[in-house]
Each structure stands twice: as C-alpha cells, then as structure tokens.
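The lines below spell out each chain.
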Amino acid sequence: MMQPALDLVIAALETIREEGDRTPRASRTALARLQTDPFFALRTARTTQEAIESAVATGDPGARNNKADLLSAVRERVGVCTRCAHLACSRTQTVFGVGNPDADLMFIGEAPGADEDRQGEPFVGRAGQLLTRILKAMNFAREDVYIANILKCRPDMPAGSFGNRPPTPTEMQTCRPYLIEQIDIIQPSVLVALGAVAVEGLLGTRATMRELRGRWHTYNSIPLMITYHPAYLLRNQASSEKRKVWEDMLQVMERLERPISERQRNYFL
Ligand code: SF4
C-alpha cells in the first residue's frame, strides 16, 4: 500500500534533483535507500510531505526549521523507545543529542553516563566539560556543533555500584539506527568519533585508537576523524596525549576551512 506513494515521492525527488534550479539536500545514497527501504521515509519524517521538504530544502530559512522538526520527530520516538528492555527500565531518561540541527561538525560519543542520564544531555559531566573546552579552543560554541552518542540510554549498572560501563555490541547495534537518522538529517560536513567504542558503534570496526586516530576515514561519504574520548585525556594528562587530540582537531578545522592562528597551531607543543 505504501510503495506506490513512495514511488511517487522518489520520482518527484529525482526530477527535482535532475531539473530543479535548487540543489536538493537529499543525497543519492538517501534516494537509493528510499528505493530499498520504504520504512526509511517513515522513520525520518513524520509525514511524506516532510520527507519531500527535507529533500528539497536549499538553504532557505525553512530548511533549518525543517531539520529541527525532523530531529524532534526522532527524539519523540527515542523518548519512548523500549527496544533494550533492561535499559528502558534502568534509565532516568533518554539522552538524544544536542546542538545545531544545521551543524557542519558533529561529534559522536559512546553512551550517556550518570551525569548525562540525570540531565538528559550528552557530554555534560567532566568529560563533557573538557569537550566544551576543546570546542572553545577551536572557536566553536557548543551550540554551533551537534553532539550525540551511539546509545541513547545509559548502560545499566549493578545495584549499588558506581561509575559507567561501555555499551555492549548488541546494545549499540540496537540503538545505532537512531544515530544514523540524526546524521542523515543533519548531514554534517565532518564527523568526529570520540573513542574506539564510538567507532565500533558507527563503523562496526574494532581496532585500537593507535590504529584509528589521526587520519581521515569516511562514514557514508562524510569525512570522519577519529580521536580519543575526552575521558581518556582526564585519565592521562600528558601533554603529548592532549597534543594528539589537538592535532586531530586541527585537521578538522582545516577540513572545515576554519581560520587557524599560530597560537592555535602551537597548543600543547
Ligand atoms: S539504548 Fe536506544 S534502542 Fe535501546 S532502549 Fe535506549 S533508545 Fe531504545
């Protein structure tokens, strides 16, 4: 029943892409995905009309609102998600993501910790404060970028225990589609994955940070920089480690064609 309507949507989008004088934001990958996954449109838009508007938005003032609306629709579904029954029981609330829906730069972490679970926002604990300082050094405000985790619920801990545990591969696989929707809507120019767990959740690649960081990877044609999780820098305060993260961020700034001062180039040297 749904397929004929989707066929019409796809045909309209393809026509707009080929003939329109506006550049649609729908990538060829997204169009191909609509062809093969009819539920994609429903997951990423509340109505077919929104899917069309999302695809044709061209930098007009409505585009940003539309992205915010699309993210809100995903946020609503995440807020009531019980796919991981054990996490749905243990969480205080889901932690969806925060920042600019139209961000050029998007950071991906692994999962909410205790602070994030309490406040409902990613990266608000000590590691989050360090990320905010790194952003400031890059001349970004937190509101300029978008920040999300692979997992939207805090991994549960045995009663009476403290600290956080990393998400399991199954938990990450279960929650990953929400992150993919966020990336598809935001369409950042650059992604940054923070830590090996985030990389495993996003790419399904298991490797050491020594092997992964400091060079460009791609996710769905989007340049992806991999660097240490800020929590690592809290555990290891050596300037040499801070410098490694900073060098990764310098590469990100270069990729985004952001101005870099001499002072910025020399941090942690
Ligand atoms: S971790 Fe993700 S998939 Fe699992 S219950 Fe939470 S929101 Fe749903």
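Residues numbered from 1 in each chain as written. Predicted model: local features only at pLDDT ≥ 70, side-chain atom pairs only at ≥ 80, totals over all residues. Heavy atoms only, no water.

A. Structural detail: the packing of aromatic side chains. Following the criterion strictly, the structure yields three aromatic pairs and no others. Centre to centre, the rings of Tyr-228 and Tyr-232 are 4.2 Å apart; their planes meet at 20°, and the pair counts as stacked. Its relative accessible area of 12% is what places Tyr-228 among the buried residues. Put simply, the rings of Trp-246, Tyr-267 and Phe-268 touch in pairs and so form one group of aromatic residues. Taking NZ or CZ as reference, Lys-152 lies 6.0 Å from the ring centre of Phe-96, over its face. One residue, Arg-255, lies across the ring of Trp-216, its end atom 4.8 Å from the ring centre. (Phe/Tyr/Trp six-rings, centres within 6.5 Å; stacked < 30°, edge-to-face > 60°. Buried < 20%, exposed > 50% of the residue type's maximum accessible area, 1.4 Å probe, protein only. Lys NZ or Arg CZ within 6 Å of the ring centre and 35° of its normal.)

B. Structural view of helix H9 (residues 169–186). For H9, spanning 18 residues, the distance from its first C-alpha to its last is 25 Å, which sits close to the expected 26 Å at 1.5 Å a residue. Taken as a whole, H9 carries its principal kink of about 40° at Cys-175; the proline Pro-177 stands between one and four residues after it. For H9, the set of buried residues is Glu-171, Met-172, Cys-175, Tyr-178, Leu-179, Ile-180, Glu-181, Gln-182, Ile-183, Asp-184, Ile-185 and Ile-186. Residue Gln-187 follows H9 closely and has a positive phi angle near 50°. (Helix = DSSP H or I, 4+ residues; strand = E, 2+ residues; numbered from the N terminus. Expected span 1.5 Å × (residues − 1). Bend = angle between axes of the 7 residues up to and from the residue.)

C. Structural detail: the sheet that holds strand S5 (residues 216–219). Overall, mixed pairing links the six strands, which are arranged S1-S3-S2-S4-S6-S5 in an open sheet. Edge positions in the open sheet fall to strand S1 (98–99) and S5, since each of these has one partner strand only. Across two bridges, S1 lies against strand S3 (residues 146–149) in antiparallel orientation. Its bridge partner being in S3, Val-98 is matched across the sheet by Ile-147. Of the strands in this sheet, strand S2 (105–109), strand S4 (190–194), S5 and strand S6 (222–227) touch helix H13 (residues 239–255), which is tilted by about 165° from S6. (Pairing = 2+ DSSP bridges. Contact = heavy atoms within 4.5 Å. Axes fitted to C-alpha atoms, helices over the stretch in contact; angles between N-to-C directions.)

D. The packing of H9 against helix H10 (residues 196–203), seen in detail. In contact at an axis separation of 8 Å, H9 and H10 are set at 75° when each is read in the N-to-C sense. Between H9 and H10, the interaxial angle falls into the category roughly perpendicular. Contact with H9, carried on its side by Pro-169, Met-172, Arg-176, Leu-179, Ile-180 and Ile-183, involves Val-197, Glu-200, Gly-201 and Leu-202 of H10 and no other residues of that element. (Parallel < 35°, antiparallel > 145°, perpendicular 65-115°, else oblique.)

E. How the structure looks around the site of the ligand. Looking at the ligand, the residues that line it are Cys-81, Arg-83, Cys-84, Leu-87, Arg-91, Leu-151, Lys-152, Cys-153, Thr-174, Cys-175 and Tyr-178. Among the elements that make up the shell around the ligand, the one with the highest residue count is H9 (three residues). Taken together, the residues of the shell around the ligand break down into seven nonpolar, one polar and three charged. (Near = heavy atom within 4 Å. Nonpolar A, V, L, I, M, F, W, Y, C, P; charged D, E, K, R; others polar.)

F. Fine view of the pattern of salt bridges. Tallying each qualifying case throughout the model produces eleven salt bridges. Residues Asp-102 and Lys-67 are paired through a salt bridge, measuring 2.9 Å at the closest nitrogen-oxygen approach. Linking Asp-102 in the loop between S1 and S2 with Lys-67 in helix H5 (residues 61–79), this pair joins segments that are 35 residues apart in sequence. A salt bridge links Arg-165 to Asp-156, with the nearest nitrogen and oxygen atoms 2.5 Å apart. Judged by relative accessible area, which is 25%, Asp-156 ranks as partly exposed. One continuous salt-bridge network, built from bridges that share partners, spans Asp-156, Arg-165 and Glu-171. (Salt bridge = Lys/Arg side-chain N within 4 Å of Asp/Glu carboxyl O.)

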